[in-house]
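The lines below spell out each chain.
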Amino acid sequence: MSWLTEYVRPKIRGLLKREVPDNLWTNCESCEQMILVKDLRRAMNVCPHCGHHMRASVHERLEWTFDKGEFTRIELPKAPVDPLSFRDRKRYTDRLKDERAKSQLEESMAVAHGRIGGHDAVVAVMAFEFIAGTMGAALGEAFLAAARLAILQQAPLIVFTASGGARMQEGMLSLMQMPRTTIAVEMLREARLPYIVVMTNPTTGGVSASFAMLGDVQIAEPNALIGFAGQRVIEDTVREKLPEGFQRAEYLLDHGMLDMVVTRSELPTILGTLIGQLNHAHITPSAA
């Protein structure tokens, strides 16, 4: 009896109480089904049950987009830090410090270059994980750097958008990035280089009102939220009930605001094909 109580029973209890790691499973934000994290990563963060496209990190985007996941990140120009000495619940400088430590990013946009479908390309990715991908002076500098690099390499620029809009901590300086990024797009047009925008969930505010809607080709991921103001704000303003699915990618496609809605797994192939076609269509000044 002592052998059963002193040896066998503790062993059984140990097996029953064995803890499952917290990061082994996750839940889909849409259908709430449980998914093995390793299966979700293998599926590019797309739910295998309902097809919901979850958010992706900057590094994941770059790895999925470039051939064989090979790319070179560039160092981005520095922008003024806390030009307004802003403070809400904490100092803006402290908020930036915390976000950089948490996300391992310097700002809400990263730029890299490499090859997509065998073609040279420059890719700028917005980081929703950094203050909700908000647009400040640093993002404006990053976007301009991406456009200049594309012109230098005579390569197309592809931008992945994911943003909550302007960054209130920078006030008017944040709004000034709307015309600055628009000028950068115009620089690409003058150089006759393709500019492709891939809108992901969500793309809102000043980003959607500027460079996100100026692409030669406008692509979105399935069910991505795309718009300027929120649906409730619009309904309160116009005093009307908006249609089902308003501001979702499929609705915008049906109403001519997008060229295509593409699943994440198909996106690299589609981008490679588009770059090849647009490179032939856009005759560069040097070849003219």
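Just above, that's the structure.
Residues numbered from 1 in each chain as written. Predicted model: local features only at pLDDT ≥ 70, side-chain atom pairs only at ≥ 80, totals over all residues. Heavy atoms only, no water.

1. A closer look at the overall build of the protein
Okay, so step 1: The secondary structure content of the protein amounts to 11 helices and nine strands.
Okay, so step 2: By sequence separation, contacts in the protein at least 24 residues apart represent 65% of the contacts at least 6 residues apart.
Okay, so step 3: Carbon together with sulfur atoms contributes 54% to the accessible area of the protein, which is approximately 15,700 Å² in total. (Helix = DSSP H or I, 4+ residues; strand = E, 2+ residues; numbered from the N terminus. Contact = heavy atoms within 4.5 Å. Areas by Shrake-Rupley, 256 points an atom, 1.4 Å probe, with all protein chains shown as cover.)

2. Observations regarding the environment of Leu62
Okay, so step 1: With respect to the helices and strands, the residue Leu62 is situated in helix 3 (residues 58–65).
Okay, so step 2: Of the residues examined, Leu62 reaches a relative accessible area of 0% and is grouped as buried.
Okay, so step 3: Taking the C-alpha atoms as reference points, Leu62 and Arg73, 11 residues apart in sequence, are found 9.4 Å from one another.
Okay, so step 4: Other than its neighbours up to four places away in sequence, Leu62 contacts Phe71, Arg73, Ala112, Val123 and Val125. (Buried < 20%, exposed > 50% of the residue type's maximum accessible area, 1.4 Å probe, protein only.)

3. Observations concerning the packing of aromatic side chains
Okay, so step 1: One pass over the full model with this rule turns up four aromatic pairs.
Okay, so step 2: Seen from their ring centres, Phe143 and Tyr195 are 6.2 Å apart, and the 90° between their planes marks the pair as edge-to-face. Of the two residues, Phe143 sits in helix 5 (residues 137–153) while Tyr195 sits in strand 7 (residues 195–203), which places them 52 residues apart along the sequence. Judged on exposure class, the residue Phe143 and its partner Tyr195 are both buried.
Okay, so step 3: Here the aromatic residues Phe143, Tyr195 and Phe211 are joined through ring pairs into a cluster of three or more. (Phe/Tyr/Trp six-rings, centres within 6.5 Å; stacked < 30°, edge-to-face > 60°.)

4. Quick word on the packing of helix 5 against helix 7 (residues 177–190)
Okay, so step 1: Two numbers describe how helix 5 lies on helix 7: the axes approach to 9 Å, and their chain directions differ by 5°. Taken together, the axes of helix 5 and helix 7 lie roughly parallel to each other. Where helix 5 abuts helix 7, its residues Ala137, Gly140, Glu141, Phe143, Leu144, Ala147, Arg148, Ala150 and Ile151 lie against Gln177, Arg180, Thr181, Ala184, Val185, Met187 and Leu188.
Okay, so step 2: Along the lines of polarity and charge, the residues of the contact of helix 5 with helix 7 split into 10 nonpolar, three polar and three charged. (Axes fitted to C-alpha atoms, helices over the stretch in contact; angles between N-to-C directions. Parallel < 35°, antiparallel > 145°, perpendicular 65-115°, else oblique. Nonpolar A, V, L, I, M, F, W, Y, C, P; charged D, E, K, R; others polar.)

5. A few points about helix 3
Okay, so step 1: Within helix 3 the residues assigned to the buried category are Val58, Arg61, Leu62, Trp64 and Thr65. Relative to the axis of helix 3, the buried residues are bounded by an arc of 165° and lie together on one face.
Okay, so step 2: Where the residues of helix 3 are buried, they touch strand 3 (71–73), strand 4 (109–116), strand 5 (119–126), strand 6 (157–163), strand 7 and helix 11 (267–281). (Arc of directions from axis to C-beta.)

6. Considerations on the pairing of strand 7
Okay, so step 1: Most of strand 7 sits inside the fold, with eight of its nine residues counted as buried.
Okay, so step 2: Bridge analysis of strand 6 against strand 7 gives six bridges, and the strand direction is parallel. Bridge pairing in strand 7 places Ile158 opposite Ile196.
Okay, so step 3: Pairing geometry for strand 7 and strand 8 (residues 217–220), over four bridges, is parallel. Across the sheet, residue Met199 finds its bridge partner in strand 8, namely Ala220. (Pairing = 2+ DSSP bridges.)

7. Overview of unusual backbone geometry
Leave glycine aside and you will find that most residues have negative phi; peptide bonds, for their part, are mostly trans.
Okay, so step 1: For the peptide bond that leads from Asn201 to Pro202, omega is -5°, which places it in the cis range.
Okay, so step 2: Phi is positive for Ile131, which is not a glycine, with a value near 50°.
Okay, so step 3: Mapped onto the secondary structure, Ile131 falls in the loop between strand 5 and helix 5.
Okay, so step 4: A positive phi is found at Gln154, a non-glycine position, where the angle reads about 50°.
Okay, so step 5: By the secondary structure assignment, Gln154 is in the loop between helix 5 and strand 6.

8. A closer look at the environment of Gly118
Okay, so step 1: One can find Gly118 in the loop between strand 4 and strand 5.
Okay, so step 2: Residue Gly118 is classed as partly exposed on the basis of its relative accessible area, which comes to 32%.

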